[in-house]
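Below are the chains, spelled out letter by letter.
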Amino acid sequence: RDWLDAVPNDDYATLSYQGGAAWRARLSLDLAGDADALALVAAHDDDALAALMTNLAGHDLGLLLDTFAATTSATPQLFVIYTIKGFSLPFQGHKDNHAGLMTVAQMAAYRARMGVAEGAEWERFAALPEAPAAYEALLAAVPFVQGPRPGGEAPVIAVHPRETFPRPTGDQSTQVGFGKILNELARLGGPLADALVTTSPDVTVSTNLGGFVNQRGIFARDVVRDAFREASIPSPLKWGKGPSGQHLELGIAEANLFTLLAALGLSHELFGARLLPVGTLYDPFINRGLDALNYACYQGARFLLAATPSGLTLAPEGGAHQSIHPPLIGMAQPGLTYFEPAFVDELAEIMRWSFAHLQAPDGGAVYLRLSTRTLAQPARTLSDAQVTDLLAGAYWQVPPAPGAEVAIAYAGAIAPEAMAAFEEMREDTPGLGLLAVPSPDVLHRDWSAAQRARAAGQPAVAHVERLLAALPPGAGLATVLDGPPATLGWLGGVRGHRTCALGVDRFGQSGDLPDLYREYRLDAEAIMEAVAEAVVGGGRTT
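Keep in mind that what you see is a predicted model, and the values were worked out from it rather than measured.

Caption draft 1: Examining the packing of helix α17 (residues 344–357) against helix α18 (residues 384–391) more closely. Close contact between α17 and α18 brings their axes to 10 Å; oriented N to C, the two are set at 70 degrees. As far as their axial angle goes, α18 and α17 are roughly perpendicular. Viewed along their axes, α17 and α18 form a crossing whose handedness is right-handed. Touching Glu346, Glu349, Ile350 and Trp353 of α17 are Val387, Leu390 and Leu391, all from α18. A per-class count over the contact of α17 with α18 returns five nonpolar, no polar and two charged.

Here it is as structure tokens:
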């Protein structure tokens, strides 16, 4: 055992591959002078010695099951289990065995060693000692296969109707609006508020979850006092913890965030109890947990992810906190629907839709790309038709007039620059249109679905095709967002419009927002230049 604890892993792997003779030579050398150890080695032939030295109990399924069953503590336990990659195969322990395949001769020898008759390789219970009927009866009694899974029993939680769903007013950012909506839902109470579980890696306050946390508390197994409050240290936050809390606080651990969202987002399926998980993080740090996010979506987990702040809008903090490509992640990731609203009335409609989408049989997770940029909110009430278009991915904020030469399409916090360019040019650019695109993802997905349907001989017209039909075939499009130009640049391919796409495709710098928007050609002047270029047919991406 001392030798096993001390031997380097590479040496152990090499010996595991080489087999009994190599084990005997090495142990005889390293254990020289230890009569008891050498006697143990001598008591085994080469095959038995190799089996002894490669069996560190990690492959003993009976022992593992007994150990797990004997663990009754509610406290999480850590099991360190030693295993060998490719155990019992001809290339066990070899550093190149990840994609290793046995030869026909090796496979035949392995089959014989396992006691499986030739031609019986695919029989369910080949080489097992009991009669097949005994195993069939055992498997039929396993609780996992008894009746429907718990997921079918989780009731759907009603979402507030439009007229009572929170809708913050006044000039604000989408991040602030998001926090206010959650805070108001918590205040309203009821099944929806009770099902919300929020979590964040170290940025709870700076992503505007503070109001919700104040009302609903932080989860802990036991009641934990708020030391700051007891010390009379001023703070607007109530940081008391206990079993009834609905917020889970994480350290700087984005991978843990997505792993937790996956677990919470499968609660209806695993336990028959529905939760509505909401996670927040800085948009650029999606990359830190991308693998866990991918597998959460692969498993069908349901959660709402609010990534904020995004893009260049966090100008003073430099390039490390200015996200560039997450919109393309949102568009490419199956099981995740990406929205980037510019205004809080759009956000309210999207969040209301999201809480229903998280529970729908064909639903999934939702990613909101939000901003800390305070915008003047439009004085309007969205019509039912506008909300329908909004949730379908885009709507005409100002429809183009018949015969229009060009339109501007934008997404997210760049709205003021797009609107300023529109107002500056509308008198000299007849029929100029302004297209808001709160979800490039939904818009593109619907277009792709329509193309697949037509390829299968089925009639289909995508929402974006209907929208862009308002522009003549020879017209131009200028697209812009605080993200990669490709997010909206594809719009030109829908109906063949000449397109000039603006966006960000390089690391940011520190500075104030006007300077950075000017540097990265996202300001109103750059948009006007893009409009002119789209009209004359330059059609390039900048």
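So much for the structure itself; the text now carries on.
Caption draft 2: Spotlight on the sheet that holds strand β10 (residues 406–411). Here five strands make up an open sheet; going across it, the order is β9-β11-β10-β12-β13 and the pairing mixed. The open sheet terminates on both sides in strands that have one partner only, identified here as β9 (395–398) and β13 (498–502). Between one strand axis and the next, the sheet turns through 25 degrees on average, direction left out of account. Where helix α25 (residues 524–536) meets the sheet, its contacts fall on β10, β12 (476–481) and β13, and the angle it forms with β13 comes to roughly 160 degrees.

Caption draft 3: Geometry of the side chain of serine 310. With respect to the helices and strands, serine 310 occurs in the loop between β6 (304–307) and α16 (326–332). Assessed through its relative accessible area of 5%, serine 310 is described here as buried. Within the structure, serine 310 has its side chain in polar contact with the backbone oxygen of leucine 370 (distance 2.8 Å). Filtering out sequence-adjacent residues up to four positions away, serine 310 remains in contact with Asp283, Ser323, Arg369, Leu370, Ser371 and Asp482.

Caption draft 4: Here's a closer look at helix α9 (residues 174–188). Taking 1.5 Å as the rise per residue, α9 with 15 residues should run 21 Å; its terminal C-alpha atoms sit 21 Å apart, in good agreement. Buried residues of α9: Thr174, Gln175, Gly177, Phe178, Gly179, Ile181, Leu182, Leu185 and Ala186, and no others. Glycine 189 lies just past α9 and shows a positive phi near 70 degrees.

Caption draft 5: Representation of the environment of threonine 499 within the structure. Within the secondary structure, threonine 499 sits in strand β13. Residues threonine 499 and alanine 32 lie 467 residues apart in sequence; the distance between their C-alpha atoms is 78 Å. A distance of 3.5 Å separates the side chain of threonine 499 from the backbone nitrogen of glycine 492, its partner in a polar contact. A polar side-chain atom of threonine 499 sits 3.0 Å from the main-chain carbonyl oxygen of histidine 497.

Quick notes on the rules
Residues numbered from 1 in each chain as written. Predicted model: local features only at pLDDT ≥ 70, side-chain atom pairs only at ≥ 80, totals over all residues. Heavy atoms only, no water. Axes fitted to C-alpha atoms, helices over the stretch in contact; angles between N-to-C directions. Helix = DSSP H or I, 4+ residues; strand = E, 2+ residues; numbered from the N terminus. Parallel < 35°, antiparallel > 145°, perpendicular 65-115°, else oblique. Left-handed = near helix turned anticlockwise from the far one by under 90°. Contact = heavy atoms within 4.5 Å. Nonpolar A, V, L, I, M, F, W, Y, C, P; charged D, E, K, R; others polar. Pairing = 2+ DSSP bridges. Buried < 20%, exposed > 50% of the residue type's maximum accessible area, 1.4 Å probe, protein only. Polar contact = N/O pair within 3.5 Å; in protein donor to acceptor, adjacent residues only side chain to side chain. Expected span 1.5 Å × (residues − 1).

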